[in-house]
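# Per-entry structural report
The lines below spell out each chain.
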Number of protein chains: 2
Amino acid sequence: MNRLNEETIAKEKIFSGKIIDVYVEDVRLPNGENAKREVVKHPGAVAVIPITNEGKIVMVRQYRKALERQLVEIPAGKLEKGESPEITARRELEEETGYGCESLKHVISFYTSPGFADELVHLYLAEGLIKLENKASLDEDEFVEVLEVTLEEARKLIEEKEIYDAKTAYAVQYLTLKQLSEEI
Amino acid sequence: MNRLNEETIAKEKIFSGKIIDVYVEDVRLPNGENAKREVVKHPGAVAVIPITNEGKIVMVRQYRKALERQLVEIPAGKLEKGESPEITARRELEEETGYGCESLKHVISFYTSPGFADELVHLYLAEGLIKLENKASLDEDEFVEVLEVTLEEARKLIEEKEIYDAKTAYAVQYLTLKQLSEEI
């Protein structure tokens, strides 16, 4: 299956940012022709599905500049260099929601946009939530509003396009499937 | 909830590509401070879950330069300017797999990476597949290998990290949920 691979001939760094780097690469295609590929490099991220002891999902509403609108999402954040995804997951959960957790279970990892970016998201289920007395603080440029919703409310937020991103849609489907499996 | 919004003060175009444009924006935060946002603009995309009359899922294996590896994914492609997502979905299905379809149903749309990009993916379920005699041709820089897998095989491909992207993971979960709901 190596016949599908593309060999890099040249690579130009277009942009080096705080979160992303952008490259344009000249590649040799499987048929010997050349083409250009635009590639966004991202450090990767974690996302957490936090379930309260009452069975509610903790979510955060925040403004997303790329979309020029607010979204309701499960807590998430980018990986820091050298930090394990599990540590990042616990930190983001604390910073964004004020909850610690007794149990953190890896659900799945996936690339979000393989056509142009290498962002890999690690998704965790957090249970046994404990409200922390001294909430860890958010990054200085981060502003979120915490909400706790039932699974049914989350499905309604999808219909209303308040929940509108892949990881949160996946999380809602995951919980629906989990609930259904437990009923059988 | 406007208190979460970020106002654009300045916007610089860093890169204008074939697929993505990249901007750095200076924003005013809710607390009055300033910050920088890195934003990737993308035309949006469609993805199709094609189910054969034998109940198999049609997938494509392709090389993803951003990841420097091959992935197995459901057929997908970016929106052309002025083209409706449904037309794009039918075209991508034909080009990548050689199948037309009698029924195309919208499943969900979601942003893939709201933290830095505005890519919106529209996901469709395609049923009543018909093998086309004259297969539409792929883009000249596109090389894919078609495979047909059962739902169980797809779940195994997730475990093996051959399927490793958000839209395909969502699709597999969607079909699992659909199957389970039909059994109840």
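None of these values were measured; they are calculated from a predicted model. (Residues numbered from 1 in each chain as written. Chains lettered and ligands numbered in written order. Predicted model: local features only at pLDDT ≥ 70, side-chain atom pairs only at ≥ 80, totals over all residues. Heavy atoms only, no water.)

Along the chain, the position of Ala169(B) falls in helix H3 (residues 166–183). In sequence terms Ala169(B) and Leu29(B) are 140 residues apart; their C-alpha atoms lie 35 Å from each other. In this structure, Ala169(B) is in contact with Ile108(A), Phe110(A), Tyr170(A), Ile158(B) and Ile163(B), ignoring residues within four places of it in sequence. (Helix = DSSP H or I, 4+ residues; strand = E, 2+ residues; numbered from the N terminus. Contact = heavy atoms within 4.5 Å.)

Moving on, we get to the nonpolar core. Ranked by internal contacts, the top residues of the largest apolar core, which has 52 residues, are Ile49(A), Ile57(A), Met59(A), Ile49(B), Ile57(B) and Met59(B). Residues in contact with Met59(B), not counting those within four places in the same chain, are Val72(B), Glu73(B), Ile74(B), Glu145(B), Val146(B), Leu147(B), Val149(B), Ala154(B), Ile163(B), Thr168(B) and Val172(B). In this structure, Val40(A), Phe116(A), Ala117(A) and Val22(B) belong to the second largest nonpolar core, which totals 14 residues. (Core = buried A, V, L, I, M, F, W, Y, C linked by side-chain atoms within 4.5 Å. Buried < 20%, exposed > 50% of the residue type's maximum accessible area, 1.4 Å probe, protein only.)

Time to look at the sheet that holds strand E8 (residues 99–111) of chain A. Residue and element names in this part refer to chain A. Strand order in this open sheet of 4 strands is E7-E4-E9-E8, and the pairing throughout is mixed. In the strand order of this sheet, the two ends are held by strand E7 (76–78) and E8, each with one partner. In this sheet, adjacent strand axes meet at a mean angle of 25 degrees when their direction is disregarded. As paired elements, strand E4 (residues 45–50) and E7 share 3 bridges and run antiparallel to each other. Opposite Ala45, over in E7, you have Lys78 as the bridge partner. (Pairing = 2+ DSSP bridges. Axes fitted to C-alpha atoms, helices over the stretch in contact; angles between N-to-C directions.)

Residues and elements named next belong to chain A. As annotated in UniProt, the feature "binding site: Mg(2+)" (unreviewed entry) corresponds to Ala76, Glu92, Glu96 and Glu142 in the numbering used here. With the annotated positions falling across 67 residues, the maximum pairwise C-alpha distance of 11.8 Å places them together in a single cluster. Within the secondary structure, Glu92 sits in helix H1 (residues 85–97). Relative accessible area serves as the criterion here: at 4%, Glu92 is assigned to the buried category. Those residues within four positions of Glu92 in sequence are excluded, and the remaining contacts are Val46, Ala76, Gly77, Lys78, Thr97 and Glu142. (UniProt positions renumbered as here; feature names shortened; annotations may be inferred.)

When chain A is brought onto chain B, the operation consists of a screw motion whose angular component is 180 degrees and whose axial shift is 0.0 Å, with 0.0 Å RMSD remaining. What we have between these two chains is a two-fold relation. Interface residue correspondence from chain A to chain B reaches 100%, placing this contact among same-surface, isologous pairings. (Least-squares fit on C-alpha atoms with pLDDT ≥ 70 in both.)

Moving on, we get to the pairing of strand E5 (residues 57–64) of chain A. All names here are of chain A. Of all the 8 residues making up E5, 8 are buried; the element is thus mostly covered by neighbouring parts of the structure. Burial along E5 is two-sided: the residues Ile57, Met59, Arg61 and Tyr63 and Val58, Val60, Gln62 and Arg64 are all buried. Across 6 bridges, the pairing between E5 and strand E10 (residues 144–149) is antiparallel. Counted as the bridge partner of Gln62 is Val144 from E10.

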